[in-house]
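Remarks on the overall topology
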Amino acid sequence: MTDRIPQDHIRNFCIVAHIDHGKSTLADRILEATHAVDERQMRAQVLDSMDLERERGITIKASAVRLIYEARDGQTYLLNLIDTPGHVDFGYEVSRALHACEGAVLLVDVSQGVEAQTVANVYLAVNEGLEIIPVVNKVDLADFDPDLALGEMEKLFGFERESVLYTSGKTGAGVPELLEAVIARVPPPQGDPEAPLRALIFDSKFDSHRGAYAYIRVFEGTVKPGDEILMMANGRQFQVTEVGVFTPDMQRVPQLAAGQVGYLAAGIKTVADCRVGDTITSARHPAAAPLPGYREPQPMVFCGLYPSDNADYQALKDALEKFSLNDAAFHYEPETSAALGFGFRCGFLGLLHMEIVQERLEREFDLDLVATAPSVVYQVLTKKGELLEIDNPAKFPTPDVIAEIMEPIVKATIMTPQKFVGPIMKISEERRGIYQGMDYLYADRVQLNYRLPLAEIVVDYFDQLKSVSRGYATLDYELAGFEPSDLVKVDILINGDPVDALAIITHRQFAERRGRLICSKLKEAIPRQMFEVRMQAAIGGRVIASTRNSPLRKNVIEKCYGGDITRKRKLLEKQKEGKKRMKQVGVVEVPQEAFMSILRLDD
Amino acid sequence: MRTISLYIHFPFCRSKCAYCDFNSVVADEGLRQRYLRALQDDITRTGNTLTFRIGEDEGLTRPTASDLLVTTIYFGGGTPTVYPAEELCAVLGRVRRSFPVIARPEVTVEANPGTVTAEGLALLRETGFNRLSLGVQSLLDEELRLLGRCHTAAEARRAVAEARAAGFENLSLDLINALPGQTVGAWQATLHDALHLQPEHISCYGLSLEKDTPLARAVEAGELRVPDEDTLVEMYELTHRLLTGSGYEHYEIANYALPGYQCRHNVNYWRNGEYLGLGAGAWSYLAGRRMKHEPDPARWVEKSEQGLPTLTEIEELDERQRAGEAIMLALRTAEGLDLAELQSRYHLDPDRYSIRLKALIESGLALDVAGRLVLHPVHGFLLQSEIAQMFM
């Protein structure tokens, strides 16, 4: 079927939208309209296959679906809808998914307007040369007023109001018109099927039986089982065992040719060998150059992950190993903490990525984890002239050997209704943000530009932003380099002993306040127990804050006879269960939340 | 030879106390009589067959008659003495005819001071009951009213005198503290008066407010206030000081005895020994299984009369649970826990708790007495739940 549709009847497109603007629901309606999924199979958000995705209503990994569409011109078209992740952490993945397309549907919620991250993605799409089809969604709402959305699309991207389509993911209204527009406006793929193979990996998936699958868009040439292929960035060679398309389930086809989208299996053991953005070519007749734009995934945020029970170290190690097979952006290496024992320092694309990985590890591998507060990577220039990269506050060198410390700075774009500008500027400046300017968009919407230390975003900036704007402001950021900064390490001591996993790096001006806050957070997070618990914050040995929890005096079941024994044991087991996620620091039992509580430093 | 304790439950009371969530009901004479007959049948049958009926499988516990010996017998409740002494004596007679019993068993009966008479006590004593546990609770009438007890302090004193006259030489008093509104001084007064009665044994419990009891509701509604942690600790400390100062051994968290008068029946529980329970809601622990009888007296009677299995819960303990219970129980007593057994018997890794064990001993919460971990009789016992969890 796929083979019989000529290249000029193929359309490759994606949907660019903000998190809850209805992308997945609209995709469901498109699947129904093209009968890719019959109604019996239909479940909400077909493309989001992970439970976590369906729960959070976001797309974590891209996926794709091939649609056969009988157009109004009586001809049969092959549409490839590539679903992209919709979060700031996954910017690079988005750019590769966009690159696999010739067109993009820009989906904007009629009542929300355009969000910061959508703007960023539209610009990415424009840079990739994509044809953009502007769509206003959720027009099923009783008295919708498209003016905000239309105005912003006009002002931000120059779309004429007449070119904008209207859809409802809920009712399916406008979906046929949208598909017609895709055929009419999105150009068919170019590319010579006889040329040496060049296929872009825009996603990958790990299957425990068959290894890694590369999700590919073929730009030139043809690929079929038996072909020897070469990954151009890492130089690994494989023999293709299977190619196929997404219906949306995986379905084998004899070959994939220029312009087509599908998957490829080649006995690849890990997704690290089929990195998103890499170009697959023929090992026998390699292309002269890879497709542009490959980048090694760059972890931005780090934290320590430890098993709650030290006995589970090996289980965690196995889980991380398995997990990383399916997530090339996730980095980990062993580290040891005096407080937490053996664990791993893990690198993530951002905070959401970090939360998702932690949650999936606990859920899919049944692990109890202790996570330390996230940190960014610092560059420390020593007096000897060495440049150290420090991603763990515990490893921060002592002040006497430091010549200069540099921290990562991001260019942040915040889009917000104008009335929240004041509070947003306030929280941005409190977090060492440097104002770079403000653009007026449409109606009362503005775009604020700031340079901000990434470390401040990691602490609580995003939460604060949402809080002061009642959820309306959106944030997009990209790394803008490293800058010197006056940073200090704050040590946290429990009963006099520094707890490495609780140490933080912070700007000198915040050190005292954060030290005090951490102590008071710990006082709440660490329950009273058999022994007194003293908590202190110190900079270079000087105590700057201190608090204590008095010892518990009474926890006893006084009456215990024959009939009660089992129930009494269960009572103790239940109490014990509540402590399972606690870490032993000396004689003190520190709950897992305590390690994370230092993250939330809002007073 | 397997020695076991035998417990027989009497789930009836003359009135329900304001704090009680125990298995006891105020029932009519008809049900009480049916219960007594069913209980006697069950004693005979269990004694003769030494099996428990638990459904299709008849032979769940089958100790053979030749290797089983009852060492203690305990009539508990509820209030066993809602039954006339003659009837309790008949039950005891049934036990003696049905089970092999050692020559001098400890035979306890619980009694409410409001339900005993001089004649009844004399008959009980003559028939073979040799230990009387009186639910005195408090010796202040105001507190007894608060608790909803059906007797006064004066009646409690009279019951003690009558028990002595009847020949009971092993007398235990149950006392309750931590009452809403109770001061340390009030508790001291009750302790003082109790000591004056010179019992061989005293059990002291902190009142635990059980959901849906009148007392708990009054506290929830803010009408009454329970003493704070420091006051409770002070009361516990006072109890220990006064009673040990008067020659009592603090041999378990809530129990004190003059030398030689520890309750053998309860000591068997805390040593994790085996026991057989009969009657509604009674638990048994035999061959590593904990089993519970149907708790509702009316339902228990019905099932029993129809020859249906009366056990409702059977729990097979795994090694970890057995270890947990044994450790939890050992730490309740002044004998303490044999530390070597943690590894040799329960297969626990000593490294996992060595730091805290050391801290426990250094802080004085526990002592290492020739390889046994013994909790401090005040501050250690008061944290027994925390400490036992270390090993669970």
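The written sequence of each chain sets the order in which its residues are numbered from 1. As they are written, the chains are lettered A onward and the ligands numbered 1 onward, keeping that order. Since the coordinates come from a predicted model, pLDDT governs what is reported: local features require at least 70, and pairs of side-chain atoms require 80 or more to be given and counted, while whole-chain, interface and lining totals use all residues. Side-chain measures here rest on the full set of heavy atoms in the structure, leaving out hydrogens and waters.

1. Side note on the state of the cysteines
Counted only if it meets this: The disulfide criterion is simple: two cysteine sulfur atoms within 2.5 Å.
Overall, the coordinates contain 0 disulfides over all chains when judged by the stated rule. The closest cysteine sulfur to the non-disulfide-bonded C101 of chain A is located on C14 of chain A, 3.9 Å from its own sulfur. Here C17 of chain B stays free of any disulfide, with the sulfur of C20 of chain B as its closest cysteine sulfur at 6.1 Å.

2. A short note on helix 3 (residues 91-99) of chain A
Residue and element names in this part refer to chain A. Under the convention used in this document: Per-residue accessibility, obtained with a 1.4 Å probe over protein chains only, is compared with the maximum for each type, and a residue is labelled buried under 20%, exposed over 50%, and partly exposed between these values. Helix and strand assignments follow DSSP, with helices taken as H or I runs no shorter than four residues and strands as E runs no shorter than two, numbered in order from the N terminus. Contacts between residues were defined by any pair of non-hydrogen atoms, one from each residue, lying within 4.5 Å.
Most of helix 3 sits inside the fold, with 8 of its 9 residues counted as buried. Turning to helix 3, its buried residues number three or more, namely Y92, E93, V94, S95, R96, A97, L98 and H99. The elements touched by buried residues of helix 3 are strand 1 (10-17), strand 3 (76-83), helix 4 (116-127), strand 7 (198-207) and strand 8 (211-220).

3. Describing the interface of chain A and chain B
Which entries qualify depends on this criterion: Two parts placed together each lose some accessible area under a 1.4 Å probe, and the buried area is that loss summed for both. Salt bridges are identified by distance alone: a Lys or Arg side-chain nitrogen within 4 Å of an Asp or Glu carboxyl oxygen.
The interface is formed by 31 residues belonging to chain A together with 45 residues belonging to chain B. Between chain A and chain B lies a buried interface of about 3,700 Å² when both sides are counted; carbon and sulfur atoms form 56% of it. When residues of chain A are sorted by the area they lose upon contact with chain B, M530, R553 and E558 of chain A head the list and together hold 20% of the total. Across the contact surface, chain A and chain B share 8 salt bridges. Residue R320 of chain B pairs with E573 of chain A through a salt bridge whose shortest N-O separation is 3.8 Å.

4. Focus on the sheet that holds strand 12 (residues 242-246) of chain A
All names here are of chain A. This is how the line gets drawn: Two strands are said to pair when DSSP picks up at least two bridges between them. For helices, the fitted axis covers only the stretch in contact; all axes are lines through C-alpha atoms, and the angles between them, taken along N-to-C directions, range from 0 to 180 degrees.
Overall, antiparallel pairing links the 8 strands, which are arranged 11-10-16-7-8-15-12-13 in an open sheet. Since the sheet does not close on itself, it has two edges, and those belong to strand 11 (237-239) and strand 13 (250-253), each with one partner. Mean inter-strand twist for the sheet, computed between neighbouring axes without regard to direction, equals 40 degrees. Where strand 10 (residues 228-231) and strand 16 (residues 279-282) come together, 3 bridges link them in antiparallel fashion. Looking across to strand 16, one finds that L230 is bridged to T281.

5. Some words on the packing of aromatic side chains
This is how it is decided: Stacked, tilted and edge-to-face are the three classes assigned to paired rings of Phe, Tyr and Trp, where Trp is represented by its six-membered ring and a pair needs centres within 6.5 Å; plane angles under 30 degrees give stacked, over 60 edge-to-face, the rest tilted. We count a charge as sitting over a ring when the NZ of a lysine or the CZ of an arginine lies within 6 Å of the ring centre and within 35 degrees of the ring normal.
Using the criterion set out here, one finds 27 aromatic pairs over all chains in the structure. Each residue in the set Y313, F323, F330, Y332, F342, F344 and F348 of chain A is aromatic and connected to the rest through ring pairs, giving one cluster. Stacked on the ring of F219 of chain A, the Lys or Arg R217 of chain A has its end atom at 4.2 Å from the ring centre. Above the plane of the ring of Y285 of chain B lies R290 of chain B, whose end atom (NZ or CZ) is 3.7 Å from the centre.

6. As for the sheet that holds strand 6 (residues 165-166) of chain A
Residues and elements named next belong to chain A. In space, the 6 strands of this open sheet follow the order 2-3-1-4-5-6, with mixed pairing throughout. In this open sheet, the two edge strands, each paired with only one partner strand, are strand 2 (63-70) and strand 6. Bridge count for strand 4 (residues 103-109) against strand 5 (residues 131-137) is 7 bridges, and the pairing is parallel. In the strand pairing of strand 5, D109 is matched with N137. Here helix 4 sits on the sheet in contact with strand 1, strand 4 and strand 5, set at roughly 155 degrees to strand 1.

7. Quick notes on the nonpolar core
Under the convention used in this document: Put simply, a nonpolar core is a bunch of buried Ala, Val, Leu, Ile, Met, Phe, Trp, Tyr and Cys residues held in one set by side-chain atoms that sit within 4.5 Å of each other. For the domain bounds, the source is a domain assignment made automatically or taken from a database.
The biggest cluster of nonpolar side chains holds 85 residues, and the ones touching the most others in it are I494 and I526 of chain A together with L331, L360 and F391 of chain B. It is helix 11 (residues 319-330) of chain B that provides the largest number of residues to this core, a total of 6 residues. Each of two domains, domain 1 (2-270) and domain 2 (337-391) of chain B, supplies a minimum of three residues to this core. Grouped together as the second largest cluster of nonpolar side chains are 68 residues, F10, A27, V116 and L132 of chain B included.

8. Observations regarding the pairing of strand 6 (residues 201-206) of chain B
All names here are of chain B. The cut-off we apply is this: The crossover handedness rule: strands pointing away from the viewer, path from first strand over the helix to second strand clockwise, crossover right-handed.
Within strand 6, 6 of the 6 residues are buried, which leaves the element mostly enclosed by the surrounding structure. Side chains H201, S203 and Y205 project from strand 6 onto one buried face, and the interleaved I202, C204 and G206 project onto a second face that is buried too. Sheet topology note: the strand 5 (residues 171-177)/strand 6 ladder contains 6 bridges and is parallel. Residue pairing in the sheet places S172 in a bridge with H201 of strand 6. For the crossover from strand 5 across helix 6 (residues 184-196) to strand 6, the handedness is right-handed.

9. Section: the environment of P423 of chain A
One can find P423 of chain A in helix 9 (residues 421-430). Residue class for P423 of chain A comes out partly exposed when judged on its relative accessible area of 32%.

10. A short note on the packing of helix 1 (residues 29-49) of chain B against helix 10 (residues 297-305) of chain B
Residue and element names in this part refer to chain B. For clarity, the cut-off: Each angle gets one of four labels, with under 35 degrees taken as roughly parallel, over 145 as roughly antiparallel, 65 to 115 as roughly perpendicular, and the rest as oblique. Each crossing is labelled by how the near helix is turned from the far one, with a counterclockwise turn of less than a right angle marking it left-handed and a clockwise turn marking it right-handed. Each residue is assigned to one class: nonpolar for Ala, Val, Leu, Ile, Met, Phe, Trp, Tyr, Cys and Pro, charged for Asp, Glu, Lys and Arg, and polar for all the others, Gly among them.
Direction vectors running N to C along helix 1 and helix 10 enclose 50 degrees, while the axes themselves pass 9 Å from each other. Considering the angle they form, helix 1 stands oblique to helix 10. With respect to the hand of their crossing, helix 1 and helix 10 are arranged in left-handed fashion. Taken together, the residues of helix 10 that come into contact with helix 1 (itself represented by L31, R34, Y35, A38, L39 and D42) are P297, A298, W300, V301, E302, S304 and E305. Of the residues belonging to the contact of helix 1 with helix 10, the class tally is 8 nonpolar, 1 polar and 4 charged.

11. A word on helix 2 (residues 85-98) of chain B
Residue and element names in this part refer to chain B. Rules: Working rule for helices: expected span equals 1.5 Å times residues minus one.
The terminal C-alpha atoms of helix 2 lie 20 Å apart, and with 14 residues this matches the ideal 20 Å at 1.5 Å per residue to within 8%. Turning to helix 2, its buried residues number three or more, namely A85, L88, C89, V91, L92, G93, V95 and S98. Buried positions along helix 2 lie against strand 1 (2-10), helix 1, strand 2 (68-77), strand 3 (101-111) and helix 3 (118-127).

12. Some thoughts on unusual backbone geometry
Along the chain, G77 of chain B connects to G78 of chain B via a cis peptide bond; the corresponding omega equals 25 degrees. With respect to the element layout, G78 of chain B can be found in the loop between strand 2 and helix 2. The phi angle at K138 of chain A is positive, at roughly 65 degrees, despite the residue not being glycine. Inspection of the secondary structure puts K138 of chain A in the loop between strand 5 and helix 5 (147-157). On the basis of relative accessibility, which here comes to 24%, the residue K138 of chain A falls in the partly exposed class.

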